[in-house]
Amino acid sequence: MPGRFWRRRGRQASEEAPTRTDIADPVYKEIALQLTSTAENSTPDWSTSFGYIEDIGDGRGYTGGLVGWCSGTGDMLELVQAYTKAARGNPLGRYLRLLEQIMDAAYEDRPALSHRLLDPSFVADWSSAAGDPAFQRTQQEERDRVYWRPALEEAVRDGVGPLGLAIYYDVSVNHGPGDDEESFGGILAAARRARRPPARGGDESKYLAAVVETRVGILKAW
C-alpha cells in the first residue's frame, strides 16, 4: 500500500507532489496512519482494525479499535460516549455506566475491573458494532481529535517534515495526551530541552533522534 504514495510517475505527478514542508497534505497523514497501524495491528491497512479488541496484558484493561482505546485509561469511555451521541441504541451504549465505574477506580484496579464488569459480552458487542458506519466514523473522528490533530499541530510548530510527523503521531497514539514525562507533551518537552527543533534553528535529524531516545527510555522503564 505505501508504494502508491512513494512511486509517482510522470512530469505532472512530480509537479503536483507535496513539498517536504507541506505536512498537512493528506498523503502524509495516510503514510503515518499506515506506519502506526503496522505496529499496532500488524497491517498497514488501518481500516481493517475497527473491530480489534483484546486485553494485551499491559495493565490498561481492554484495548480496541484503530488506535487501541483502553478501558483503563479513559479514552475508550470517551469513544463510547461519542458513539452513543451519534447513534442512540448502539450495542455499546449499555456499557457506559460500567466504563465510568472502571475509571472511578484506582488505576491498578482497572484491568481486573474491566473483566469483572464488562465480561462476558463486551468483546462480542464491540465486534458487532465495528460493522456500523457510525462507529467507524466515530473512531476516525476521535482518533483525529485526540491523537492526530495534536500531533500535526506540534509537528507544524516544531518545523519537522513528514518523518517527524509520523513519529509524533505514533508517540501521540501510544503515550496519550498530557504533559507528564510519560505522555506526548512531556516527551516533546524533554526532546526540546535536549535539542532545538528545526523551527528554532536546530538540526532535524538530531532533534528527531532526541524525540525517539526520550521515548525509548520511557518504553524501557515500562
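The structure under discussion appears in the preceding block.
What counts, and at which threshold
Residues numbered from 1 in each chain as written. Predicted model: local features only at pLDDT ≥ 70, side-chain atom pairs only at ≥ 80, totals over all residues. Heavy atoms only, no water. Helix = DSSP H or I, 4+ residues; strand = E, 2+ residues; numbered from the N terminus. Rg over C-alpha atoms; globule rule 2.2 N^0.38 Å. Buried < 20%, exposed > 50% of the residue type's maximum accessible area, 1.4 Å probe, protein only. Contact = heavy atoms within 4.5 Å. Areas by Shrake-Rupley, 256 points an atom, 1.4 Å probe, with all protein chains shown as cover. Lys, Arg positive; Asp, Glu negative; His and termini not counted. Charge placed at Lys NZ, Arg CZ, Asp CG, Glu CD. Phe/Tyr/Trp six-rings, centres within 6.5 Å; stacked < 30°, edge-to-face > 60°. Expected span 1.5 Å × (residues − 1). Polar contact = N/O pair within 3.5 Å; in protein donor to acceptor, adjacent residues only side chain to side chain. Pairing = 2+ DSSP bridges.

*Asks:* Which residues make up the overall build of the protein chain, and what values do they have?
*Replies:* The helix and strand tally for the protein chain stands at eleven helices and three strands. What you see in the protein chain, going N to C, is helices and strands ordered as α-α-α-β-β-β-α-α-α-α-α-α-α-α. Rg of the C-alpha trace for the protein chain: 19 Å, near the compact-globule value of 17 Å for 222 residues, within the 12% margin. Its C-alpha atoms give the protein chain principal-axis dimensions of about 55 × 40 × 25 Å. Across the 222 residues in the protein chain, those meeting the buried criterion constitute 46%. The contacts in the protein chain between residues at least 6 apart in sequence include a share of 56% that link residues at least 24 apart. As presented, the protein chain carries roughly 11,400 Å² of accessible surface, and 49% of it is formed by carbon and sulfur atoms. For the protein chain, the separation between the mean place of its 27 positive charges and that of its 33 negative charges on side chains is 5 Å.

*Asks:* Which residues make up the packing of aromatic side chains, and what values go with them?
*Replies:* This structure, assessed with the given rule, holds seven aromatic pairs. Seen from their ring centres, tyrosine 95 and phenylalanine 122 are 4.9 Å apart, and the 75° between their planes marks the pair as edge-to-face. With tyrosine 95 in the loop between α4 (75-86) and α5 (96-104) and phenylalanine 122 in helix α7 (residues 122-129), the pair connects residues that are 27 residues apart, well separated along the chain. Overall, the relative accessible area of 0% leaves phenylalanine 122 in the buried class.

*Asks:* Outline helix α3 (residues 26-41), listing residues and values.
*Replies:* A rise of 1.5 Å per residue sets the reference length of α3, with its 16 residues, at 22 Å; its end C-alpha atoms lie 21 Å apart and thus fit the reference within 8%. Within the span of α3, buried status applies to Val27, Tyr28, Glu30, Ile31, Ala32, Leu33, Gln34, Thr36, Ser37 and Asn41. Where α3 begins, one side-chain oxygen reaches toward the backbone nitrogen of valine 27, 2.9 Å away; that side chain belongs to aspartate 25. Backbone geometry just after α3 places serine 42 at a positive phi near 60°.

*Asks:* Requested: an account of the side chain of threonine 138, with residues and values cited.
*Replies:* Topologically, threonine 138 is positioned in helix α8 (residues 133-158). Non-local contacts of threonine 138, meaning those with residues more than four positions away in its chain, are made with Leu79, Ala82, Tyr83 and Ala86.

*Asks:* Summarise the sheet that holds strand β1 (residues 53-54); cite the residues concerned and give the values.
*Replies:* Read across the open sheet, the three strands follow the order β1-β2-β3; overall the sheet is antiparallel. Only two strands of the sheet have a single partner each, and these edge strands are β1 and β3 (69-70). As paired elements, strand β2 (residues 63-64) and β3 share two bridges and run antiparallel to each other. Looking at β3, one finds that glycine 64 is bridged to tryptophan 69.

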